[in-house]
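Coordinate inspection notes
Next come the chains, spelled out residue by residue.
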Amino acid sequence: MVRQYYSNCTIYQSGEETRELGPAFIVLGAMQQRVIGCPHLGSTDDEKELFFTQLEREYDCCPQHDVKIVIGRPDKPTIGSFSAHQLTNDIGLRLINFASSKHMSIRSTFLQHAPRFSYTWRSPLQTCSQIEHVLIDGRHFSDIIDVKPYRGANVDSDHFLVMVKLRQKLSVVNNQRSKPTPRLYLDRLRRADVSEGYAPALGEALSYDNHAMPLGDHWRMVERAISTASELKIAHLPRSQRKEWFEEECTRALCEKNAARALMLQHETRKNVENYKRLRRLQTLFFQKKKLRSEESDEKLLELISQSGDGCSFYRRFKEARCGFAPKTAMCRDADGNLLTDRADTCTVQRQEGLI
């Protein structure tokens, strides 16, 4: 039975008009569309199959990056280190199969409590059972830190109030910026003094030779020698700063327009509105002129590089001008060859392969 309670609240109660064989849920907001009626032991096999099919369909509709939690009262799944039961039934077995297929964990059976704090329902025969459970996807297994029934809360029901403590842990792996590898200033090798000094430095670094070393150690020694000699004689290429057309004059024009907008929002008079529109129009025209001048300057620089005969520099700058700014993307493939674009998934794969 479904009852509307206020405008943004719905009460879901099983048992039809008799209000038996199941608890009730009060659901707020958008989660009202995520409630599915759970079958009980007296339900037919078709009703049980329909429920788990619908549950799987709703699970697959959720975005991949969301934390997915399933809360309900499937009976007695005997999985986890601290389950209150030794034997399961048909619904509990179906729940275990669903959790295994979706890589979820029945978190309520992984937390150790005293036996009286594990039971969530007292039957009319005064026997206690653990039938309310909380499932969470394995990727966020540690987010739930406790699941515990509060026996003292009087909710006028034979079900105890179950409280879940959830603390989401945010990953900070991607906040650690890696230091870029500096590039060598290879154009300096064209100078006679640099090339003459580089050869003796490389020979001195390669003077130690041991034929008994494995091939891999030989290659690492050669690599270190080249790197040491290059740093001493060639030096690193200074990092080029991106030439931006947004300068101090643009910042000043933008601040004037924003100040005029704030004044217009406080006092929306005709004078303030016209002043804001005038400054916005001037700022737009000024930005367009600055960007156009920057593009013309880049074109002249490309012509000079082309006339000098430096093909590498010409095509590198031409590619930068044609492609513009492109954000760095981190992608990789999993063991099955599927392309992963989510940052957390790529970090997991790289961590398994020992790359980070």
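Above: the structure in question.
All of the points below concern the structure found in this document.

Rules used in this analysis
- Residues numbered from 1 in each chain as written.
- Predicted model: local features only at pLDDT ≥ 70, side-chain atom pairs only at ≥ 80, totals over all residues.
- Heavy atoms only, no water.
- Helix = DSSP H or I, 4+ residues; strand = E, 2+ residues; numbered from the N terminus.
- Buried < 20%, exposed > 50% of the residue type's maximum accessible area, 1.4 Å probe, protein only.
- Patch = residues over 30% accessible without salt bridge, like charges linked within 9 Å, V, L, I, M, F, W, Y side chains within 5 Å.
- Areas by Shrake-Rupley, 256 points an atom, 1.4 Å probe, with all protein chains shown as cover.
- Salt bridge = Lys/Arg side-chain N within 4 Å of Asp/Glu carboxyl O.
- 1 Å grid on protein atoms, 1.4 Å probe; cavity = no way out; pocket = protein on both sides within 12 Å on 5 of 7 lines; lining within 4 Å.
- Points joined across faces, edges and corners; volume = space filled by probe spheres on them.
- Nonpolar A, V, L, I, M, F, W, Y, C, P; charged D, E, K, R; others polar.
- Pairing = 2+ DSSP bridges.

Here the focus is unusual backbone geometry. We note that H103 has phi near 55°; this positive angle belongs to a residue other than glycine. Counting through the fold element by element, H103 comes out in the loop between helix 2 (90–101) and strand 5 (104–106). What makes H103 exposed here is its relative accessible area of 62%.

The next point concerns a nonpolar patch on the surface. A cluster of nonpolar side chains, contributed by I69, I71, V164 and L166, occupies part of the molecular surface with about 330 Å² of accessible area. The set of elements that each furnish at least two residues to the nonpolar patch consists of strand 4 (69–72) and strand 10 (161–166). Secondary-structure assignment places I69 in strand 4. For I69, a relative accessible area of 36% corresponds to the partly exposed category.

A few words now on empty space enclosed by the protein. Where empty space is left can be seen by rolling a probe of water-molecule size over the atoms. By the definition in use, this model includes one cavity of 30 Å³ or more. Quantified by volume, the largest cavity comes out at close to 80 Å³. Around the largest cavity sit F82, S108, L111, H113, F117, S118, T120, Q130, E132, V147, P149 and V162, which together line it. Looking at side-chain class alone, the lining of the largest cavity contains six nonpolar, five polar and one charged residues.

Regular strands place their side chains on alternate faces of the sheet. Judged by which residues are buried, strand 4 turns out to be one-sided: V70 and G72 face inward and are buried, whereas I69 and I71, on the alternate face, are not. As defined by bridge partners, strand 4 adjoins strand 8 (residues 133–137) across four bridges and the pair is classed as antiparallel. Pairing of I71 across the sheet is with V134, part of strand 8.

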